[in-house]
Amino acid sequence: MDGYVTVIGGMNIDIAATLTAPFVPADSVPGRVMLGCGGVARNIAHNLRLMGHEVRLVSIFGEVSFGDMCWRKCQAIGLDLTLSERRKEMRTGLYLCINDQAGDMVAAVADTAIIDCVTPEFLNSRIDAINNSSLVIADTNISTDALKFLIDRCTVPLMVDGVSTAKASRATKALLQSQTHHLHALKLNRQEALAVTDCDTVKSAADCLTGMGVSQVYVTMGSEGVYCSDGVHHEHYKAMPATVVNTTGAGDAFIAGVAHALLRGTAFPHCAITGVRAAHATLLSPLTVNPDVGRYCLNVEN
C-alpha cells in the first residue's frame, strides 16, 4: 500500500523556549527561544515527507505574516496544500511551550481556534480527494463533529492522534457517536489514555478502547516505550536509550513512523517499532521534526 497520505488537523507557529537554568515560577529564566512552523498534523505530514511519502495537508492558514510564512515553508518541503485553505482575516494558530534543561515540557499554551473552521461541511467538499488516499491521519485539534464525519465517511484506513488530555476525548466521543463505530488506529499517550477511559492501567485502557471499536491502539509512555493492542495481540516495546535534547514532536513522529511502516506492509504490532525509531530521532534533535528522521526508519520490520 502506497500513494498519497492525507493528514488533517493543526498547523501553527511554534515558539519553543528551552531553559538553560532551573525553572523559577514568576521569574525570568535564561534560555534559548526558537520560532518555526508546527502543529500536530503539520509535524506528522513533515515527518512522512522525510520518510519518502507524498502527503496532502488539510489545514487552515491565517493572516498574512505567519500564515504566509507557514504556507511557503510547507510548500518548500513538498507538502500538497490543494486541500488546505487560507483565511487571512483570522489569526494563525500559535503554540507556545517551555521546556526544562532536560528538554521535558514545563508548560505549554495552544491558541488554535482557527482549526474550528475544519467543519464537516469543509471536509465534505474534499471527501472524494481524501478517500483517494492510501491512508488518512487526523488529529483531535479538529472538532468532535469533524472527527465523527471522518469516521463515518472515510473509506480508507483512518488513524487519529489524541494531541492532549484536553482534546483526546473528542476521538472517543466521535467514535461512540458515529454510525460505523470503527476506527483503524488511535494513538494516545498514557495520560490521555487513562483520562478518556477512566481506567487505572494502560492495559485496561487499551482493552476499553478496542472494545469501543478501535482496531489498533498505541499508547506511548515516554521513557517506558509504547504499549500496543488490537484486542488479541498485546505488545510492549521499550524506548531506545537517548540523551534527550527535546521532547516536543516525539509523539507526532511516532504516529508518522507507524503510518510509514503500515504503508510499507509491516504487520501489527511490529509497525510500532518504526514509530519508536522515529520518536527516538526527534528526542535527539532541538527541532520539532528531525531532518534525519527518514534514516532512522530504514529497514522496516515485517
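As the structure is a computational prediction, the values presented were derived from the model and not from experiment. (Residues numbered from 1 in each chain as written. Predicted model: local features only at pLDDT ≥ 70, side-chain atom pairs only at ≥ 80, totals over all residues. Heavy atoms only, no water.)

Caption draft 1: Summary view of the overall build of the chain. Helix and strand content of the chain: 11 helices and 14 strands. Compactness check: the chain gives a C-alpha radius of gyration of 18 Å against a globular reference of 19 Å for 302 residues, within 12% of the reference. Over its C-alpha atoms, taken along the principal directions, the chain stretches across nearly 50 × 45 × 40 Å. Here the chain, with 302 residues, has 54% of them falling under the buried criterion. By sequence separation, contacts in the chain at least 24 residues apart represent 67% of the contacts at least 6 residues apart. Charge separation in the chain, taken as the distance between the mean sites of 23 positive and 29 negative side-chain charges, equals 4 Å. (Helix = DSSP H or I, 4+ residues; strand = E, 2+ residues; numbered from the N terminus. Rg over C-alpha atoms; globule rule 2.2 N^0.38 Å. Buried < 20%, exposed > 50% of the residue type's maximum accessible area, 1.4 Å probe, protein only. Contact = heavy atoms within 4.5 Å. Lys, Arg positive; Asp, Glu negative; His and termini not counted. Charge placed at Lys NZ, Arg CZ, Asp CG, Glu CD.)

Caption draft 2: Fine view of the packing of helix H6 (residues 165–177) against helix H7 (residues 190–197). The interhelical angle for the contact between H6 and H7, taken along N-to-C directions, is 55 degrees, at an axis separation of 9 Å. Classified by the angle their axes make, H6 and H7 are oblique. Seen from above, H6 lies across H7 with right-handed handedness. Contacts between H6 and H7 involve Thr 165, Ala 168, Ser 169 and Thr 172 from the former and Gln 191, Glu 192, Ala 195 and Val 196 from the latter. The class makeup of the residues in the contact of H6 with H7 is three nonpolar, four polar and one charged. (Axes fitted to C-alpha atoms, helices over the stretch in contact; angles between N-to-C directions. Parallel < 35°, antiparallel > 145°, perpendicular 65-115°, else oblique. Left-handed = near helix turned anticlockwise from the far one by under 90°. Nonpolar A, V, L, I, M, F, W, Y, C, P; charged D, E, K, R; others polar.)

Caption draft 3: Structural detail: the nonpolar core. With 48 residues, the main nonpolar core has Val 7, Leu 48, Leu 57, Ile 137, Met 159 and Tyr 218 as its most contacted residues. Going through the elements one at a time, strand S1 (5–8), helix H1 (40–50), strand S4 (55–58), helix H2 (64–76), strand S9 (135–139), strand S13 (226–229), helix H9 (250–263) and helix H10 (271–283) are the ones with two or more residues in this core. Sort the elements by how many residues they give to this core and H9 lands first, with 10 residues. In contact with Met 159, not counting residues within four places along its chain, are Leu 135, Val 136, Ile 137, Ala 138, His 184, Ala 185, Ile 255, Val 258, Ala 259 and Leu 262. Formed by 44 residues, the second largest nonpolar core is a distinct cluster that contains Val 202, Met 212, Val 214 and Met 221. (Core = buried A, V, L, I, M, F, W, Y, C linked by side-chain atoms within 4.5 Å.)

Caption draft 4: Focus on the sheet that holds strand S2 (residues 12–19). Strand order in the open sheet formed by four strands is S3-S2-S7-S8, and the pairing between neighbours is mixed. With partners counted over all chains shown, the strands left at the sheet margins are strand S3 (31–38) and strand S8 (105–111), one partner each. Averaged over all pairs of adjacent strands, the angle between strand axes in this sheet comes to 15 degrees, irrespective of strand direction. Both S2 and strand S7 (residues 93–99) contribute to a ladder of seven bridges, which runs parallel. Within S7, the position partnered with Asn 12 by the bridge is Gly 93. H2 rests against S2 and S3 of the sheet, and its axis sits at about 70 degrees to S3. (Pairing = 2+ DSSP bridges.)

Caption draft 5: Focus on the packing of aromatic side chains. Applying the stated criterion to the full structure yields three aromatic pairs. Centroid distance Tyr 218 to Phe 254: 6.0 Å. Interplanar angle 65 degrees. Geometry classified as edge-to-face. Here the residue Tyr 218 occupies a position in strand S12 (residues 214–220), and Phe 254 occupies one in helix H9, the gap between them amounting to 36 residues. Owing to a relative accessible area of 3%, Phe 254 belongs among the buried residues under this scheme. Between Tyr 218 and Phe 268 the ring centres are 5.7 Å apart and the planes differ by 70 degrees, which places this aromatic pair in the edge-to-face class. One end of the pair, Tyr 218, is in strand S12; the other, Phe 268, is in the loop between H9 and H10, with 50 residues separating them in the sequence. Under the relative-accessibility criterion, Phe 268 is labelled buried at 15%. Members of the aromatic cluster, each reached through a chain of ring pairs, are Tyr 218, Phe 254 and Phe 268. (Phe/Tyr/Trp six-rings, centres within 6.5 Å; stacked < 30°, edge-to-face > 60°.)

Caption draft 6: Seen up close, the sheet that holds S1. Spatially, eight strands are ordered S4-S1-S9-S10-S11-S12-S13-S14 in an open sheet, and the strand pairing comes out mixed. At either margin of the open sheet sits one strand with a lone partner, and together these are S4 and strand S14 (234–237). When strand polarity is set aside, the average angle formed by the axes of neighbouring strands in this sheet is 15 degrees. With four bridges connecting them, S1 and S4 associate as parallel partners. Each residue of the ladder has a partner; that of Val 5, found in S4, is Val 55.

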